[in-house]
Amino acid sequence: IPISIPIALMVAACGERGGAQLPYYADATFTPHWNETAPRRVSFTLADQSGGSFTAADLSGRVYVASFIYTRCSAVCPLLVQSLGRVAAAVRSSDVALVSYSVTPDTDTPAVLAAFGEERQIDATRWRLATGDRATIFSLAREFYFADDGRFAGTPYDFLHTEKVVLVDRHGRLRGVYNGTLAADIDRLISAQLSAVMHAPEDRKSTRLNSSHTDIS
């Protein structure tokens, strides 16, 4: 199911603000806010494709791109991972990180994710493939990234499958949401919006705002 985002309106609004500022998104409606919002923090403990621990501290202070995948997906995920590969190649020389959380962690063990990453030449030092407790991953998707579009709402099948790719700034705030299967959305992320977040001047004053914290356990 395609994601419908009012891109034209968002781009026009960015233009009115000099083209450098991106909106802040604070809830699942992805309503853009143009005044700086408080930093957001999250706590979780998972594992990555190396078999080592992967926690919120690994993302602290970094600009990163978050997504949700599973290795046995044959429809959306191959195109999504291909798009994310474009992002990884575009930011190879920067400190931007990528993290893809598996929504089928019971079968996507660290070893399975390692093989998946090796087949796709994923650099594990910059692109983390996360697995672990299913409830933790689903809570992250729904409560912190607002990535669940509810397509399985009201059904007995509790699952999460989404094309959403989320851009997160150094203070844990959501600054962009994209359909990872659409080349135009990924082009927009690569061409301007990543740079805008990486070099955002408002990052320097964020410590003056009280942060919000989401404890995922």
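K.L.:
Kindly report on the pattern of salt bridges, identifying the contributing residues and their values.
P.N.:
Considering all chains together, one arrives at 10 salt bridges under this definition. Ionic pairing is found between Arg 120 and Glu 119, a salt bridge with its closest N-O pair at 3.0 Å. Asp 169 is the salt-bridge partner of Arg 175, the closest N and O atoms lying 3.2 Å from each other. With respect to class, Arg 175 is no different from Asp 169; both count as buried. Overlapping salt bridges, with partners in common, bring together Glu 36, Asp 169, Arg 173 and Arg 175 in one network.

K.L.:
Provide a residue-level description of the side chain of Lys 164, including the pertinent values.
P.N.:
Relative to the assigned elements, Lys 164 resides in strand β9 (residues 164–168). Nearest to the buried, unbridged Lys 164 among oppositely charged side chains is Asp 149, at 6.0 Å. Within the local environment of Lys 164, its side chain forms a polar contact with the backbone oxygen of Phe 146, the two atoms lying 3.3 Å apart.

K.L.:
Go over the pairing of strand β10 (residues 174–179) with me, naming the residues and quoting the values.
P.N.:
Extensive coverage of β10 is indicated by the burial of 6 of its 6 residues. In textbook terms, the turn of a hairpin is the stretch between consecutive antiparallel strands, and for β9 and β10 this stretch comprises 5 residues, one of which, Gly 172, has a positive phi near 75°.

K.L.:
Hey, could you go over the packing of aromatic side chains for me, with residue numbers and the actual values?
P.N.:
One pass over the structure, following the stated rule, counts 10 aromatic pairs. Ring geometry for Tyr 101 against Tyr 145: centres 5.6 Å apart, planes inclined by 50°, an arrangement best described as tilted. Linking Tyr 101 in strand β7 (residues 97–102) with Tyr 145 in the loop between α4 (134–144) and β9, this pair joins segments that are 44 residues apart in sequence. You can call Tyr 101 buried: its relative accessible area is 0%. The exposure class assigned to Tyr 145 is buried, which follows from its relative accessible area of 0%. One aromatic cluster in this structure is built from Phe 44, Phe 54, Tyr 64, Phe 68, Tyr 101, Phe 144 and Tyr 145.

K.L.:
Residues and numbers for helix α5 (residues 183–198), please.
P.N.:
With 16 residues, α5 should reach 22 Å at 1.5 Å per residue; the first-to-last C-alpha distance of 22 Å fits that figure. Its axis deflected by about 45° at Ile 190, α5 carries its strongest bend there.

K.L.:
Could you give an account of the nonpolar core, with specific residues and numbers?
P.N.:
One finds Phe 44, Tyr 64, Phe 68, Tyr 101, Tyr 145, Leu 167 and Leu 194 to be the most contacted residues of the largest nonpolar core, which totals 60 residues. Broken down by element, the residue count for this core peaks at 7 residues, all from helix α2 (residues 76–90). Excluding residues that lie within four positions of it along the chain, Tyr 145 makes contacts with Phe 30, Leu 59, Tyr 64, Ala 66, Phe 68, Tyr 101, Leu 140, Val 166, Val 168 and Leu 174.

Rules and cut-offs
Just so you know, the residues in each chain are numbered from 1, in the order the chain's sequence is written. In keeping with the predicted nature of the model, local features appear solely for residues at pLDDT of at least 70, side-chain atom pairs appear and are counted solely at 80 or more, and the whole-chain, interface and lining totals rest on all residues. The side-chain figures draw on all heavy atoms in the structure; neither hydrogens nor water molecules are used. Each reported salt bridge corresponds to a side-chain nitrogen of Lys or Arg within 4 Å of a carboxyl oxygen of Asp or Glu. Exposed residues in this analysis have more than 50% of their type's maximum accessible area, buried residues have under 20%, and partly exposed residues fall in between, with area computed by a 1.4 Å probe over protein chains only. Secondary structure elements follow DSSP: runs of H or I of four or more residues count as helices, runs of E of two or more count as strands, with numbering from the N terminus. Asp and Glu count as negative and Lys and Arg as positive, but His and the ends of the chain are not part of the count. Each polar contact in these results corresponds to two N or O atoms within 3.5 Å; when the atoms are within protein, one needs to be able to donate a hydrogen and the other to accept it, and residues that are neighboring in sequence are counted only if both atoms are side-chain atoms. When DSSP finds at least two bridges between two strands, those strands are taken to pair. Two rings from Phe, Tyr or Trp (for Trp, the six-membered ring) form a pair when their centres are within 6.5 Å of each other. A pair whose planes differ by under 30 degrees is stacked, one over 60 is edge-to-face, and the rest are tilted. Each residue after the first adds 1.5 Å to the expected span of a helix. Working definition for bend: take the seven residues up to and ending at a residue and the seven starting at it, fit an axis to each, and measure the angle between the axes. Definition of nonpolar core: a set of buried residues of the types Ala, Val, Leu, Ile, Met, Phe, Trp, Tyr and Cys, connected through side-chain atoms within 4.5 Å. Residues count as neighbours in contact if any of their non-hydrogen atoms are within 4.5 Å of one another.

Functional significance is not addressed by these values, which are geometric in nature.
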